[in-house]
Structures are given as structure tokens and as C-alpha cells.
Amino acid sequence: MIKSLKVLHHPLAEPLNQLEILEAHSKDTSFREKLGLYGMFPLRSSGIDILQINVGKMCNQTCKHCHVDAGPDRKEIMSRQTMEQCLEVLKNSDIGTVDLTGGAPELNPDFRWFVEEIKKLGKHVIVRCNLTIILANKRFHDLPGFFKENKVEVVSSLPGFTRDRTDRQRGDGVFEDSIKALQMLNQVGYGAEGSGLVLNLVYNPAGAFLPPAQLALEKEYKAELLSRYNIIFNSLYAITNMPVSRYLDYLLSSGNYERYMDKLISAFNPAAVSNLMCRNTISVGWDGYLYDCDFNQMLELQVSTEKSRHISEFDLQALSNRSIVLKQHCFGCTAGAGSSCGGSIAD
Amino acid sequence: MSNHYYNAEDLAKFGNVAEYQKEMADKFFSYYGEVFKEGHLTAKEKSLIALAVAHAVQCPYCIDAYSSDAFEKGYSESQMMEAVHVASAIKGGAVLVHGVQMMNKVKEIGM
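Since the structure is predicted, the reported quantities are computational estimates derived from the model, not experimental observations. (Residues numbered from 1 in each chain as written. Chains lettered and ligands numbered in written order. Predicted model: local features only at pLDDT ≥ 70, side-chain atom pairs only at ≥ 80, totals over all residues. Heavy atoms only, no water.)

A. Fine view of helix α3 (residues 80-91) of chain A. Residue and element names in this part refer to chain A. Between its terminal C-alpha atoms α3 stretches 16 Å, which fits the 16 Å expected from 12 residues at 1.5 Å a residue. Here α3 has its buried residues at Thr-82, Met-83, Cys-86, Leu-87, Val-89 and Leu-90. Burial along α3 is one-sided: seen end-on, the buried residues are contained in an arc of 160°. Away from its buried face by more than 90 degrees, α3 exposes Gln-81 and Lys-91. For α3, the secondary structure elements touched by its buried residues are β1 (50-54), β2 (97-101), α4 (111-120) and β7 (281-284). (Helix = DSSP H or I, 4+ residues; strand = E, 2+ residues; numbered from the N terminus. Expected span 1.5 Å × (residues − 1). Buried < 20%, exposed > 50% of the residue type's maximum accessible area, 1.4 Å probe, protein only. Arc of directions from axis to C-beta. Contact = heavy atoms within 4.5 Å.)

Following this line, the structure appears as C-alpha cells:
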């Protein structure tokens, strides 16, 4: 089994080391200055529509590109107490969507309780399900039914409709299990028009390059998955890999780092800035600390609001008007068609 | 002058050809962009054709560009190599089919 950078005591397990490498690459082109050229700095929140909660770094997979450095050897798990604090915030705000991520969020022992409690508040729930968790153990086989009962929107990674691309990035056997899991989700109604059960897939490149055009790729995925495996789904999100954690390690060790960063910077698209997910999202870490996005979370770049940096001191007004913490990795979200947890953000 | 006829960095400078003849360069790049858009063939299919042609014309810049582009658009290594074999077969065939011309000539002049 592949070990996490943290367990290997790898230098890149330290966010400060990652930031040092990122800042050193492009001293002449800082992301902040780039936004300044277009009159977009400082970048401010447009209000909080989504609470993205990372319920733990434990995962049954160890993907080569994972910015969380998640894996079976990661023990950080959100406690029920922190979940209760999240629920309190949700109860007292009109934040409409809760986006649950990890690791594999389903590995948190309080995951199902948490989903049910969020649903009681009338919020929309997204679960970033890695698919293989459904087959990892008998106790997870009923997850499709659980998702259906709670009308959860499922978002799942599938970096290719062939075994080769998927297993290369996500590990041997992942493709086969992912296909089985998708078929199980389809069986309970996910992806079917009119079912209200939304199943979205995520493509991210298995290598040091940007994703191709999202719409053309979605069309191809739909045709191929249907003809090969009789699988249907709603939308495909094409997401750019961020030069953070394990993907940064891959870029450096494969000699692709400089070229990849140059590509991100040269592909800067100002049209993507207004739709950046950090503008309408707050990311909550497993220990309750608040960040502008999941990437800033992994780099331990807390929100700029000094008096509201933990879910227990959530100040909706201050956070809704905060300036976003920006570093060089942010070029990953503004390259080409842009990138967010919902895929491309510009034409 | 550089010490090499080909430099990988020159690929990114392709647009600089406009410095010496802007009007023609603009027309060429506009046409080029139009050719590779989604049409009756998908942009992905066009990328694989470009990869094969790049090999046939033995252009290192084009091979660099379309190896990346075809892989990024989702073609596998084996699909890309098959495309190169198609180019190779056509190029090889183009040589060999001229053997008929050679035979014709030999038959014409031989006893």
C-alpha cells in the first residue's frame, strides 16, 4: 500500500515547504499582482452559499494526485462535537448547500448521522464519494440506498472511461470497482432524468497537463460509459490538478513542475476570477478551522478574518465580506476554462 | 544563430513569425484555429490526425505539440502509436507503390 507523505515524514507533508516551493517558482508573476493588473485585487467573498466540510483525511485509496494527502494511514477525523458546531452555524444561516468531502467522508463514523441532521435543516447535501468505498466493505454496500433516502447529490471521480487512465492515477483495481459502484448508483435511480437523484462525475488529468474542454469531454464520457457499461450520469466536471501536496510531489519528482506552473500562469483567464469557488464557499477542516477553499486548507492558510477562524466563532457577516488568501497555487483555478469543485467556470 | 536547427523553446515562439509578415501570419493562425475547432470531426479526432501527419512530415514541433494534445484529449499510448503506424504505412506504401513504376520502366527497356 502507498503511504501518505505525512507518514513517510516527507518534506512536502509540511505546508510551509510547499508554499516555499510555490512562491520561489514565479517571483515575477505573483497571483495577487496578476489580479491587480485586472483591478481584481483584493479578491473578496461574494457571500457564503456553500459550506464545504472536510470530515477527515482517512481514505481507502491513496491517489497519486491527492491534494489532501489522504489515505488509509491518515487518522484525522472530524469529531461529533465539531459536526454539531457546523450544524449550529447552518441552523442560524441561509447557507443552502453543504459539500462533504475528505478523504472518504463515509469513513467518518458519524457520517450518516451528520448527513441526516443536515437534511433535517432543509439543506442540499453533496457528498464527494470516491465510488470504491461502496465496495470496500459490506457495511458500505447500502450507501446508494442511503444517498437516495437523503436525496444526496453524489459527485465522484473517474479520470477516464478506460481502466488504464483511472488505475494509473487512483490505484490498481479502482476502475473496475468504480464501474460496479456507478452501476449500483444507477440501479437505485441515480443519474436518471426526472429521478431528482443527481450523479456527477469528475475528470482530472492523469498527468502534468490541463483538462480538455469540459462539454466535449462530457459528451464523450456519456457515450462511452453508456455503450461500454450501460452507465448514465448527469454532468461531468473537468477539474485542474492543483500543485499541492501529493500532486506537487509528482510534478517535482517527474521533472514537470516548472513546465506545469508556467502553463498555469500563461493560461491565466481573468474571466474565471469572478466565479472562483472561494468567493461563495467556506471550507471547514476536520478540526473545525476555516479556510477559503480545500486547497488553502491543506496549505494551512486560514481565512483572513482573525476573529472568526474556527467554526465555533463563525461570524457570517465578517466571513461574507472577507478578502481571500491568495498564493501561487491559485493559478490552478484560473487557468484556461478555470476550475472549481463544480468543474470549469469560464467559457 | 543558435547551435541547433531545432529548439524546443521555439515552439512557443511560433506566433513571432508575424513580426516579418503580419497579414499573412494573422490569416494563417485564424485559419489554423478554425481548422481545429469542433466540426464534422471532433477536436479530439482532429488532434489524432494532426499527430499522424506530424510524424509523416517529420516536424519535431508538431510531434511535441500533438503528442501532448492527443494524450491530454484522452487517447491512450497504444492508440497514438497506431496512428503513427498509419502514417508509417502510408509513407512506406508511398515508397513501395512506386516500385510498380520501376517495374514498368524495366519491362519497357528490358529484352
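Having seen it, we continue.
B. Main features of the side chain of Asp-167 of chain A. Residue and element names in this part refer to chain A. Within the fold, Asp-167 resides in helix α7 (residues 163-170). Of the side chains with opposite charge, Arg-163 comes closest to the buried, unpaired Asp-167, at an N-O distance of 5.1 Å. When near neighbours in sequence (up to four residues on either side) are disregarded, Asp-167 contacts Asp-172, Gly-173, Val-174 and Phe-175. (Lys, Arg positive; Asp, Glu negative; His and termini not counted. Salt bridge = Lys/Arg side-chain N within 4 Å of Asp/Glu carboxyl O.)

C. Structural context of the packing of aromatic side chains. With the rule as written, the count across this model stands at 20 aromatic pairs over all chains. Considering the side-chain rings of Phe-14 of chain B and Phe-29 of chain B, the 5.0 Å spacing of their centres and the 80° angle between planes classify their relative orientation as edge-to-face. Of the two residues, Phe-14 of chain B is situated in the segment before α1 (22-35) and Phe-29 of chain B in helix α1; the sequence distance between them amounts to 15 residues. Among the aromatic residues, those joined into a ring-pair cluster are Phe-14, Phe-28, Phe-29, Tyr-32, Phe-36 and Tyr-66 of chain B. The aromatic ring of Phe-71 of chain B is capped on one face by Arg-165 of chain A, whose charged end is 3.8 Å from the ring centroid. Between the NZ or CZ atom of Lys-222 of chain A and the centre of the ring of Phe-233 of chain A, over which it lies, the distance is 5.4 Å. (Phe/Tyr/Trp six-rings, centres within 6.5 Å; stacked < 30°, edge-to-face > 60°. Lys NZ or Arg CZ within 6 Å of the ring centre and 35° of its normal.)

D. Structural view of the nonpolar core. All names here are of chain A. Formed by 112 residues in total, the largest nonpolar core has its most connected members in Ile-53, Leu-100, Phe-147, Tyr-221 and Phe-314. For Tyr-221, the residues in contact, after removing those within four places along its chain, are Leu-158, Pro-159, Gly-160, Phe-161, Leu-201, Tyr-203, Leu-226, Phe-233 and Leu-236. Counting residues in each nonpolar core, the second largest holds five residues, with Val-155, Val-202, Tyr-237 and Ile-239 among its members. (Core = buried A, V, L, I, M, F, W, Y, C linked by side-chain atoms within 4.5 Å.)

E. Region of the structure containing the pattern of salt bridges. This model, assessed by the stated rule, comprises 24 salt bridges over all chains. Between Arg-322 of chain A and Asp-292 of chain A there is a salt bridge, and its shortest N-O distance comes to 2.5 Å. Of the two residues, Arg-322 of chain A sits in the loop between α13 (316-320) and α14 (331-334) while Asp-292 of chain A sits in the loop between β8 (290-291) and α12 (294-298), which places them 30 residues apart along the sequence. In this structure, the salt-bridge partner of Lys-13 of chain B is Asp-10 of chain B, at a minimum N-O distance of 3.4 Å. Given a relative accessible area of 26%, Asp-10 of chain B falls into the partly exposed group.

F. Fine view of the sheet that holds strand β3 (residues 124-128) of chain A. All names here are of chain A. Ordered in space as β6-β5-β4-β3-β2-β1-β7-β8, the eight strands form an open sheet in which the pairing is mixed. Only two strands of the sheet have a single partner each, and these edge strands are β6 (236-238) and β8. Across three bridges, strand β5 (residues 199-203) lies against β6 in parallel orientation. Bridge pairing links Val-202 to Tyr-237 in β6. (Pairing = 2+ DSSP bridges.)

G. Region of interest: the layout of surface pockets. Space inside the largest pocket adds up to approximately 1,700 Å³. Forming the boundary of the largest pocket are 43 residues, of which Lys-263 of chain A together with Ala-65, Ser-68, Asp-69 and Glu-72 of chain B lie nearest the centre. Of all elements in the fold, only α9 (214-229) and α11 (257-266) of chain A together with α1, α2 (43-56) and α3 (60-72) of chain B reach the threshold of two or more residues within the lining of the largest pocket. A total of eight residues in the lining of the largest pocket trace back to one element, the largest contributor, which is α3 of chain B. Of the residues belonging to the lining of the largest pocket, the class tally is 24 nonpolar, five polar and 14 charged. Taken as a whole, the second largest pocket spans an internal volume of roughly 380 Å³. Lining the second largest pocket are 20 residues, and of these Pro-15, Lys-57, Arg-74, Met-298 and Glu-300 of chain A sit closest to its centre. (1 Å grid on protein atoms, 1.4 Å probe; cavity = no way out; pocket = protein on both sides within 12 Å on 5 of 7 lines; lining within 4 Å. Points joined across faces, edges and corners; volume = space filled by probe spheres on them. Nonpolar A, V, L, I, M, F, W, Y, C, P; charged D, E, K, R; others polar.)

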